[in-house]
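# Chain and residue survey
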Amino acid sequence: MSIKLSRRILLSAIAATAFAGTATTAISADKITLRLSTPTTETELRSVGLATIFADGVSEFATYEPHYNDTLFKQGTELVAIARGNLDMSLTSAQELAKLIPEWSIFTAGYLMRDPEHQRKVFEGDIGAEMYQLVEDKLGVKLLSVMYFGTRQLNLRGDKVINTPADLDGINLRMPGTDAWQFLGRALGANPTPLAFTEVYTSLQTGAIDGQDNPLPTDKDKKFYEVTDQIVLTSHLVDMNFLAFSKSVWDDLTADQQATVQKAADDASASITAAIVANEAELVAFFEGEGLKVYTPDVDAFRTRAQQMYLESDFSKDWPDGLLDRINAVK
Ligand code: KDO
């Protein structure tokens, strides 16, 4: 595989020379560094999949350098950092994309995606190609692949039984801090409170919030079960992440290198999706073993309210014509 000596590599070689000081300091400018910033932990399934499969896949010409727990960029600022050339990669979401590209809010709607397979088919087909292109054109960010992140469920303190949206009235539910997430909290009937992901555990512990929503594998990895009492299987969002990649870094790669990065992203995403599906299937028993009550509410009541609120919302005015029907028609 040929390695193009890109402008970035040349610049890092120049920087290395400037800092070298003595002739014995090696200049290691033969690989590019791909820095990823994420709020999540090193142990979580997405992190592990990327640190193994993606990192190995690109290792011939790139060093994958993940930064966890919001230590490099704060949650929600990663896409702008990539667009400005300050970051190479992130795990982004439809909610973060919708902040910058309103058409994307369609994918933030509760009860839209039916399951991980529906999600994969939507994004690996024409709809995904069109919506990825929009992000590339408007932001200069390439979405390489989609991965299932798990289905979001309510995870609450206390023993109040939640059966319908009315039962969430007055519950302070932590949701991530964008309009789309806050709207989802309201669509479920709760009182949404914005909070960074890294602060959720402590806020549950102190009772500053009554609950949070995340997929079961995330609840386990972040040990939210230690500071909550119940999981309500509302299944309100079949959640996903996209592997976001700097377009300017991409454009500096050779065609061979681009194909290698794309394959590494596809392989990692497929493996992460499979791991999350398998993990979710085991976790109800795990949480019950930890003493949590896990139960299914009247999901139709949540679905009916949420779908109606989305259709009547300002978000839906930005949805591309016919896209909702096209998404629903993907079998
Ligand atoms: C969260 O903040 O609850 C969330 O699950 C939202 C997701 O879109 C995603 O950003 C995720 O956090 C982070 O990757 C941390 O797992």
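For the structure itself, look to the data block above.
Residues numbered from 1 in each chain as written. Predicted model: local features only at pLDDT ≥ 70, side-chain atom pairs only at ≥ 80, totals over all residues. Heavy atoms only, no water.

## Focus: the overall build of the protein chain
On a plain count of helices and strands, the protein chain comes out with 13 helices and 9 strands. Taking 20 Å as the expected radius of gyration for a compact globule of 331 residues, we find that the protein chain reaches 21 Å, a close match to that expectation. In terms of principal-axis extent, the alpha carbons of the protein chain reach across some 70 × 45 × 30 Å. Evaluated residue by residue, the protein chain yields a buried proportion of 52% over its 331 residues. A sequence separation of at least 24 residues applies to 76% of the contacts in the protein chain between residues at least 6 apart. Summing over all exposed atoms, the protein chain offers an accessible surface of approximately 14300 Å²; the carbon and sulfur share of this is 51%. The centroid of the 30 positive side-chain charges in the protein chain is displaced by 3 Å from the centroid of its 46 negative side-chain charges. (Helix = DSSP H or I, 4+ residues; strand = E, 2+ residues; numbered from the N terminus. Rg over C-alpha atoms; globule rule 2.2 N^0.38 Å. Buried < 20%, exposed > 50% of the residue type's maximum accessible area, 1.4 Å probe, protein only. Contact = heavy atoms within 4.5 Å. Areas by Shrake-Rupley, 256 points an atom, 1.4 Å probe, with all protein chains shown as cover. Lys, Arg positive; Asp, Glu negative; His and termini not counted. Charge placed at Lys NZ, Arg CZ, Asp CG, Glu CD.)

## So, the site of the ligand
With respect to spatial proximity, the complete set of residues near the ligand consists of P39, T40, R46, Q75, S93, F149, R152, R174, P176, W181, F197 and N214. Within the side chain of R152, one N or O atom sits 3.0 Å away from an oxygen atom of the ligand. Protein burial of the ligand: of its 370 Å² of free accessible surface, 99% is covered by the chains. For the shell around the ligand, a count of residues per class yields 5 nonpolar, 4 polar and 3 charged. (Near = heavy atom within 4 Å. Polar contact = N/O pair within 3.5 Å; in protein donor to acceptor, adjacent residues only side chain to side chain. Nonpolar A, V, L, I, M, F, W, Y, C, P; charged D, E, K, R; others polar.)

## Re the pattern of salt bridges
Close approach of charged atoms allows side chains with opposite charge to pair. Following the criterion strictly, the structure yields 13 salt bridges and no others. Salt-bridge contacts for E130 lead to R326; the nearest nitrogen and oxygen are separated by 3.0 Å. Highlighted residues: E130 in helix α6 (residues 126–139) and R326 in helix α13 (residues 323–329), separated in sequence by 196 residues. Overall, the relative accessible area of 34% leaves R326 in the partly exposed class. A salt bridge links R303 to D300; the nearest nitrogen and oxygen atoms lie 2.6 Å apart. (Salt bridge = Lys/Arg side-chain N within 4 Å of Asp/Glu carboxyl O.)

## Here's the deal with the packing of aromatic side chains
Here a ring pair, both rings aromatic, is described through the centre-centre distance and the interplanar angle of the planes. Evaluation of the coordinates by the stated rule reveals 15 aromatic pairs. Between F54 and Y64, the aromatic rings sit 5.5 Å apart at their centres with planes inclined by 75°, giving edge-to-face as the arrangement. Here F54 is found in helix α2 (residues 45–58), whereas its partner Y64 is found in strand β2 (residues 62–67), with 10 residues between them in sequence. The class of Y64 is buried, set by a relative accessible area of 10%. Among the aromatic side chains, those forming a connected cluster through ring pairs are W104, F107, F123, Y132 and F242. Sitting over the face of the ring of W250, K142 holds its NZ or CZ atom 4.7 Å from the ring centroid. Its guanidinium or amino end placed over the ring of F286, K220 lies 4.9 Å from that ring's centre, counting from NZ or CZ. (Phe/Tyr/Trp six-rings, centres within 6.5 Å; stacked < 30°, edge-to-face > 60°. Lys NZ or Arg CZ within 6 Å of the ring centre and 35° of its normal.)

## Comments concerning the pairing of strand β8 (residues 230–246)
With 16 of 17 residues buried, β8 is to be regarded as a mostly interior element. As paired strands, strand β3 (residues 89–92) and β8 are joined by 4 bridges and run antiparallel to one another. Paired with S90 across the strands is A244, a residue of β8. Sheet topology places strand β4 (residues 141–156) next to β8; 13 bridges connect them, and they run antiparallel. In the strand pairing of β8, T151 is matched with V238. Bridge analysis of β8 against strand β9 (residues 293–295) gives 3 bridges, and the strand direction is parallel. Within β9, the residue paired with V232 across the bridge is Y295. (Pairing = 2+ DSSP bridges.)

## Here's the deal with the environment of V261
With respect to the helices and strands, the residue V261 is situated in helix α11 (residues 255–289). Accessibility expressed as a relative area gives 0% for V261, which makes it buried. With 202 residues separating them along the chain, V261 and S59 place their C-alpha atoms 9.7 Å apart.

## Section: α11
Within an α-helix, residues lying three or four positions from one another point in the same direction, as the helix has 3.6 residues per turn. The terminal C-alpha atoms of α11, which comprises 35 residues, lie 50 Å apart, in line with the 51 Å expected from a rise of 1.5 Å per residue. Its maximal kink placed at L283, α11 deviates by approximately 40°. Looking at the residues trailing α11, positive phi occurs at G291, about 90°. (Expected span 1.5 Å × (residues − 1). Bend = angle between axes of the 7 residues up to and from the residue.)

## Observations regarding the nonpolar core
In summary, soluble globular proteins display a tendency toward joint burial of nonpolar side chains. Grouped together as the largest cluster of nonpolar side chains are 81 residues, with contacts concentrated most on F54, W104, F107, F123 and L243. Every residue in contact with W104, bar those within four places of it in the chain, is listed here: A94, L97, A98, F123, M131, Y132, L134, V135, L143 and F242. With 8 residues, the next largest nonpolar core counts Y225, L283, L292 and V294 among its residues. (Core = buried A, V, L, I, M, F, W, Y, C linked by side-chain atoms within 4.5 Å.)

## Brief notes about helix α5 (residues 116–124)
Listing the buried residues of α5 in full gives H118, Q119, V122 and F123. All buried residues of α5 project into a common sector of 120° when viewed along the axis, lining one side. Buried residues along α5 sit against α6, β4, β8 and α13. (Arc of directions from axis to C-beta.)

## Remarks on the environment of A329
For A329, the location among the structural elements is in helix α13. A residue is classified by how much of its surface remains accessible, and A329, at 51% relative accessible area, is exposed. As a C-alpha pair, A329 and L91 span 238 residues in sequence and 27 Å in three-dimensional space.

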